[in-house]
Amino acid sequence: SEVTNNEIRNTAQEVISRVAKERFSKETGDGILDLSKSQAAFLQEMMDSSRWRTLLIDLSATHKESALLMYCLRTISKKGHHREIARRINQSDHFAVFKQMLNSELTVIGKLSQSMGHDVTTSIGMEELVDDLRRACTSTSYTYLYSLEVLRALEQRAHSATIESEESRRAFRKWEFLREDLENTMADPTIAATFSGSSPLFRKRRLDIALTISELHQRQRRRFTPPTDREEPRNGQGSLESAILSLLRRHAVGIQIDDSSLDPLLPSGLDAGDGGASVGELLVKHPLAIRAMLGCLYKPGSSRVTSPVLKNKCARLVALAVVAAEQNCMSLGEKTDKSNEVAVTRMILQGCQLCEQLEIMVSFLVSDGGKATGPPSAGLRLCNLATSNAAVAQGATIWAKELTQGSEFPTSASFPTLSVSILSLVRRIAIDQPFTRRDALSIALGFTKHSNPDVSYQKINAIKEQSIRLMLCILSKGETSAVLSGVSLRLQQQPELDASLVRYFVSGLLEIVKAPVSPAFARVLAQFLRVPKCVDAVRSSYFGEPHQSRLNNLLRSFDKLPVDEQQELSRKTDKSWIEAVLTTYRLE
């Protein structure tokens, strides 16, 4: 059978690869470069084969001085197989390869943002592509610096050009988001702590690199001449940038924000004339600063500020950012209600107070979108605030994520009842506030890892099923790639996950998805369905009707997907993954 043939090929490849890695030497390998073109034809065939490219890439990581392997690596990169290189070696050792990869991937991101699809050459989605790019760009200081400079150049070109099409605007917004994502990756302490071998010195070095390269620091260093009397009032912008830089540094090293960090940002004196617009606009450009202040207000534990004066300052600065963001939207012609700074400040403060109240409760009620018949409880009030205000929604999501992903929560006495309430609250927020859906997905995935020996299996399973329904809700709102990629990764990292939960997710997915589907969706769904844990769960006899018939009908519809016959590589790629998923589920 085809599966048996693949197993034989894989076994033979593993044996040959192991022998080649043991016996390869620089002298023997470089001698291949002296062979004639016909004698060295096998090398070109190896670089054209996905099986043997892996061996060449692995060898180049070990034998960095080999001229043969450097030639192979550059050739593989020129052929467009950047992602295969990025996943197996550190491209900071090969800057020419990294440069080609960055240019190619930024082009792909622009195309995918316009088409809302996937790269047909590898069936890779936007989420996976950005993850690979983030890892490569933040591996060293100079790859990070080069990446930021390229993205800044793209942004400047976008601002100076007149862009009329929505597709082009979407591409530039995606590049802008990528730049912010790279800056957050380098400066966010929660992300830096996840790196293997992370130490305080390692985190401090990453932080110093990120803040020194940041536009907040570099813009001030680019002022070669002192300001004139006419330009003197603009010096306030420089002091604001320095204040935000100081705020980010304190946040990144884990020092609690205090009055000395916030006072320089608050409008006072002559700066109060614009109503804090300059502060708000600068904060919008640096969302990590906004998230740091929301964390001080909403995160449970020692990181939460207790001083009412300090809380009011944090809430006011976040409110200024909200007003500035709404003003930017209105300037672009988008319809939005203009908020009042004082009203938004009060809502943010009220939201963090409600979160503090809910922490000590065993459970709370959440609004289903209808009108409340009685006096609103703390849960109902927080739900209404979060669904109507984006800042409160972000804060409540930060609170829920920090509370539920701690080690103490699954073993607490309130876990069985409070989990249900928190998942319901996060679901209501995710429906109305799109920018909270990634955090909501992280919360839902976190619940699949929770266990408590003092709680019955049925209750734990019911909580995990509710978290799966939250994932399906997020998926139905357009986060298909993020949800399927997240669940696939969880199944690979957590193979002991109950198979019944996998079947519950797939059956719920089949109730949402109906044929015909787009090629982009079919590709990412096929990748998920081919995860071994998913295959074992779905192919079992417990996955009965009508779910089995729905799955079969959906998979058979893949044969009718539109294929670009003019693109030979695209046609072959589509045909290969369609055949693979049909063979896996025995639908040849």
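Look a little higher up for the structure.
Residues numbered from 1 in each chain as written. Predicted model: local features only at pLDDT ≥ 70, side-chain atom pairs only at ≥ 80, totals over all residues. Heavy atoms only, no water.

**Q** Is there a simple way to explain the overall build of the chain in this structure?
**A** Of the regular secondary structure elements, the chain holds 30 helices and zero strands. Per-residue burial for the chain yields a buried fraction of 47% across its 588 residues. Looking at the chain alone, contacts between residues at least 24 apart form 72% of all its contacts between residues at least 6 apart. Accessible surface computed for the chain: about 30,000 Å², of which carbon and sulfur atoms make up 52%. (Helix = DSSP H or I, 4+ residues; strand = E, 2+ residues; numbered from the N terminus. Buried < 20%, exposed > 50% of the residue type's maximum accessible area, 1.4 Å probe, protein only. Contact = heavy atoms within 4.5 Å. Areas by Shrake-Rupley, 256 points an atom, 1.4 Å probe, with all protein chains shown as cover.)

**Q** Looking at this model, I keep getting lost on helix 5 (residues 67-78). Mind explaining?
**A** Side chains of residues three or four places apart in an α-helix project in the same direction, reflecting 3.6 residues per turn. Across its 12 residues, helix 5 extends 17 Å between first and last C-alpha, which sits within 8% of the 16 Å expected from 1.5 Å per residue. Within helix 5, burial applies to Leu68, Leu69, Met70, Cys72, Leu73, Thr75, Ile76 and Ser77. Note on helix 5: the residue one or two positions beyond its end, Gly80, has a positive phi of about 95°. (Expected span 1.5 Å × (residues − 1).)

**Q** Which parts of the structure should I look at to understand the side chain of Ser467?
**A** For Ser467, the location among the structural elements is in helix 24 (residues 457-476). Here Ser467 is in contact with Leu423, Ala444, Phe447 and Thr448, once residues within four sequence places are set aside.

**Q** Would you take a moment to explain the packing of aromatic side chains for this structure?
**A** Each aromatic ring pair is specified by the distance between its two centres and by the angle formed by the two planes. Under the criterion given, the structure shown has five aromatic pairs. Measuring from centroid to centroid gives 6.2 Å for Phe409 and Phe447, while their planes differ by 90°, and the two rings are edge-to-face. Residue Phe409 is located in the loop between helix 21 (390-404) and helix 22 (415-432), and its partner Phe447 is located in helix 23 (residues 437-447); the two are separated by 38 residues in the primary sequence. Across this residue pair, the class does not change: Phe409 and Phe447 are buried. The interplanar angle of 75° and the centroid separation of 5.5 Å between the aromatic rings of Phe505 and Phe528 together place this pair among those described as edge-to-face. Linking Phe505 in helix 26 (residues 499-512) with Phe528 in helix 27 (residues 519-529), this pair joins segments that are 23 residues apart in sequence. Accessibility assignment for this pair places Phe505 and Phe528 in one class, buried. One aromatic cluster in this structure is built from Phe409, Phe415 and Phe447. (Phe/Tyr/Trp six-rings, centres within 6.5 Å; stacked < 30°, edge-to-face > 60°.)

**Q** Can you help me understand the side chain of His450 in this one?
**A** Looking at the secondary structure, you find His450 in the loop between helix 23 and helix 24. If near-sequence neighbours (up to four positions away) are discounted, His450 is found in contact with Thr404, Phe409, Pro410, Phe415, Ile460 and Lys464.

**Q** Can you walk me through the packing of helix 9 (residues 141-160) against helix 12 (residues 200-213) in this structure?
**A** Relative orientation and spacing of two packed helices are given, respectively, by the angle between their axes and the distance between those axes. Two elements in contact, helix 9 and helix 12, have axes whose closest approach is 11 Å; the angle formed by their N-to-C orientations is 25°. When the axis of helix 9 is compared with that of helix 12, the two are roughly parallel. The handedness of the crossing between helix 9 and helix 12 comes out as right-handed. Two secondary-structure elements touch here, helix 9 through Ser141, Tyr144, Leu145, Leu148 and Arg152 and helix 12 through Ile209, Ala210 and Ile213. (Axes fitted to C-alpha atoms, helices over the stretch in contact; angles between N-to-C directions. Parallel < 35°, antiparallel > 145°, perpendicular 65-115°, else oblique. Left-handed = near helix turned anticlockwise from the far one by under 90°.)

**Q** Could you clarify how one ought to interpret empty space enclosed by the protein in this entry?
**A** Once rolled over the atoms, a probe with the size of a water molecule shows which space is left empty. Under the criterion given, the structure shown has two cavities of 30 Å³ or more. Considered as a void within the structure, the largest cavity measures approximately 140 Å³ in volume. Lining the largest cavity are 13 residues; nearest its centre among them are Glu183, Asn184, Ala187, Leu248 and His286. Elements supplying a minimum of two residues to the lining of the largest cavity: helix 10 (166-187), helix 12 and helix 17 (287-298). Residue composition of the lining of the largest cavity, by class: nine nonpolar, three polar and one charged. A volume near 90 Å³ is recorded for the second largest cavity. The wall of the second largest cavity is formed by Leu445, Thr448, Ile468, Met471, Val487, Arg490, Leu491, Leu497, Leu501, Val502, Phe505 and Phe528. For the lining of the second largest cavity, the secondary structure elements donating two or more residues are helix 24, helix 25 (480-493) and helix 26. When grouped by side-chain class, the residues that make up the lining of the second largest cavity number 10 nonpolar, one polar and one charged. (1 Å grid on protein atoms, 1.4 Å probe; cavity = no way out; pocket = protein on both sides within 12 Å on 5 of 7 lines; lining within 4 Å. Points joined across faces, edges and corners; volume = space filled by probe spheres on them. Nonpolar A, V, L, I, M, F, W, Y, C, P; charged D, E, K, R; others polar.)

**Q** Can you help me understand the pattern of salt bridges in this one?
**A** Enumeration over the complete set of coordinates arrives at 18 salt bridges. Among the ionic pairs, Lys311 bridges to Glu356, the shortest N-O distance being 2.8 Å. With Lys311 in helix 18 (residues 308-331) and Glu356 in helix 19 (residues 341-359), this residue pair connects regions lying 45 residues apart in the sequence. Bridged by salt links that share partners, the residues Glu155, Arg179 and Glu183 form one connected network. (Salt bridge = Lys/Arg side-chain N within 4 Å of Asp/Glu carboxyl O.)

**Q** What exactly am I supposed to notice about the environment of Arg530 here?
**A** Its place among the elements puts Arg530 in the loop between helix 27 and helix 28 (532-538). A relative accessible area of 42% places Arg530 in the partly exposed class. For the pair Arg530 and Trp577, spaced 47 residues apart in the sequence, the C-alpha separation amounts to 9.9 Å. Once residues within four sequence positions are removed from consideration, Arg530 is found in contact with Val535, Trp577, Ala580, Val581 and Thr584.

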